[in-house]
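# Working through the structure, step by step
For reference, the chains in residue letters:
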Amino acid sequence: DARMLLRIWPFVKPHAGRLFLSIGLLIIGAGLRILQPLIMGGAMDELKSTGSTKNLAMWGIKFGAVLLLQQLISFPQMYFMQLAGARAMADLRLYVFKFLHTRRLGFFDKTPVGRLVTRVTNDVDAINEMFAKDAPITRMTAEDFEIASAVLRKALDQGRDGEAFEWKNAATAA
């Protein structure tokens, strides 16, 4: 994967600004996801210590604001990633077609045109798919988010008063 990324970097480099903007938004979105258990923990700690639900609505508003901001960031993040990938792939296709036009006619006598067209479209589409769905930075951030959430939950399990707090998943709770 790293070798392939290095080989397509010349086509991505002109669009690196959009790519890095997308990565920055992705990191901000991951940070907002990490805030969610902290907000919930704060609400639970306050509920547990005071026994009052008067500030619970404020915690809900904070949680909702984080979710809204996360959703507002996710669209431009995906848009800029897709735009950078699509433009890089357009540059790659242009390069490949220019390369094919420099071949001698004997090359086309020996190589079936159908094979060339299939290779050009399928190979570039496979690279484009990597940008669209399997971007390594997206996978890395998702895995890192899961690890960070697990660490935060473990840290919050002790609570501020040292007393253990049990997390229950509503989907799996009986």
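This section reports on the structure supplied with the text. Since this is a predicted model, take the numbers as computed values, not measurements.

On a plain count of helices and strands, the protein chain comes out with six helices and zero strands. Counting from the amino terminus, the protein chain carries its helices and strands in the arrangement α-α-α-α-α-α. Residues counted as buried form 28% of the 174 residues belonging to the protein chain. Within the protein chain, residue pairs in contact and separated by at least 24 positions form 76% of the contacts whose partners lie at least 6 positions apart. Counting every atom, the protein chain has about 12100 Å² of accessible surface; 64% of that belongs to carbon and sulfur.

Taken as a whole, the largest pocket encloses approximately 490 Å³ of empty space. Contributing to the lining of the largest pocket are 16 residues, with Arg7, Leu92, Val96, Asp123 and Ile127 lying nearest its centre. Of all the secondary structure elements, the ones that give two or more residues to the lining of the largest pocket are helix 1 (2-12), helix 3 (56-101) and helix 5 (113-132). When residues in the lining of the largest pocket are grouped by element, the largest group, seven residues, is from helix 5.

For the rest of this paragraph, the subject is a nonpolar patch on the surface. A contiguous nonpolar patch, built from Met40, Met44 and Leu47 and spanning about 210 Å² of accessible area, is present on the exposed surface. Its location among the elements puts leucine 47 in helix 2 (residues 16-50). The class for leucine 47 is partly exposed, based on a relative accessible area of 31%.

Let us look at the side chain of glutamine 77. Tracing the chain through its elements places glutamine 77 in helix 3. Using a relative accessible area of 6% as the deciding quantity, one classes glutamine 77 as buried.

In this section: the nonpolar core. Counting residues in each nonpolar core, the largest one holds 17 residues, and the members touching the most others are Leu19, Met89 and Leu92. Where this core is concerned, the elements lending two or more residues are helix 1, helix 2, helix 3 and helix 5. A per-element tally of this core places helix 3 first, with seven residues. Core analysis: the second largest hydrophobic core is formed by seven residues, Leu32, Ile39, Trp59 and Ile73 among them.

Here we take up the packing of aromatic side chains. Applying the stated criterion across every chain, the model contains four aromatic pairs. Members of the aromatic cluster, connected to one another through ring pairs, are Phe75, Tyr79 and Phe80. Across from the ring centre of tryptophan 59, 4.3 Å away, lies the NZ or CZ of lysine 62, which sits over that ring. Over the ring of phenylalanine 99 we find arginine 103, and its NZ or CZ is 4.0 Å from the ring centre.

Moving on to the environment of arginine 93. For arginine 93, the position within the fold is in helix 3. Exposure remark for arginine 93: the relative accessible area of 26% places this residue in the partly exposed category. Expressed as a C-alpha distance, the spacing of arginine 93 and aspartate 123, which sit 30 residues apart in the sequence, is 9.9 Å. Those residues within four positions of arginine 93 in sequence are excluded, and the remaining contacts are Thr121, Val124 and Asp125.

Rules used throughout
- The residue count restarts for each chain, going from 1 along the sequence in the order it is written.
- For a predicted model such as this one, the threshold for reporting local features is a pLDDT of at least 70, and the threshold for listing and counting side-chain atom pairs is 80 or more; totals across whole chains, interfaces and linings nevertheless cover every residue.
- By convention in this description, side-chain values take in all heavy atoms of the structure and omit both hydrogens and water.
- Put simply, DSSP H or I for four residues or longer makes a helix, DSSP E for two residues or longer makes a strand, and each gets a number counted from the N terminus.
- We call a residue buried when its accessible area falls under 20% of the maximum for its residue type, exposed when it is over 50%, and partly exposed in between, using a 1.4 Å probe and counting protein chains only.
- By definition in these notes, contact holds between two residues if any of their heavy atoms fall within 4.5 Å.
- The accessible surface values rely on the Shrake-Rupley method and a 1.4 Å probe; as for residues, cover is taken only from the protein chains in view.
- Using only the protein atoms, space was sampled on a 1 Å grid; points where a 1.4 Å probe fits but cannot get out form cavities, open sets with protein on both sides within 12 Å along at least five of seven lines form pockets, and lining residues are those with an atom within 4 Å of a point.
- Grid points are joined across faces, edges and corners, and a volume is the space filled by probe spheres set on the points.
- Within this analysis, patches are made of residues with over 30% relative accessible area and no salt bridge. Like charges are joined at 9 Å or less; nonpolar side chains (Val, Leu, Ile, Met, Phe, Trp, Tyr) at 5 Å or less.
- We define a salt bridge as a side-chain nitrogen of Lys or Arg found within 4 Å of a carboxyl oxygen belonging to Asp or Glu.
- We call a set of buried residues a nonpolar core when its members are Ala, Val, Leu, Ile, Met, Phe, Trp, Tyr or Cys and they connect through side-chain atoms within 4.5 Å of each other.
- Under the pairing criterion, centres of Phe, Tyr and Trp rings, with the six-membered ring standing for Trp, must be within 6.5 Å; the plane angle then separates stacked pairs below 30 degrees from edge-to-face pairs above 60, leaving the rest tilted.
- Put simply, a charge is over a ring when the Lys NZ or the Arg CZ is close to the ring centre, within 6 Å, and near the line of the ring normal, within 35 degrees.

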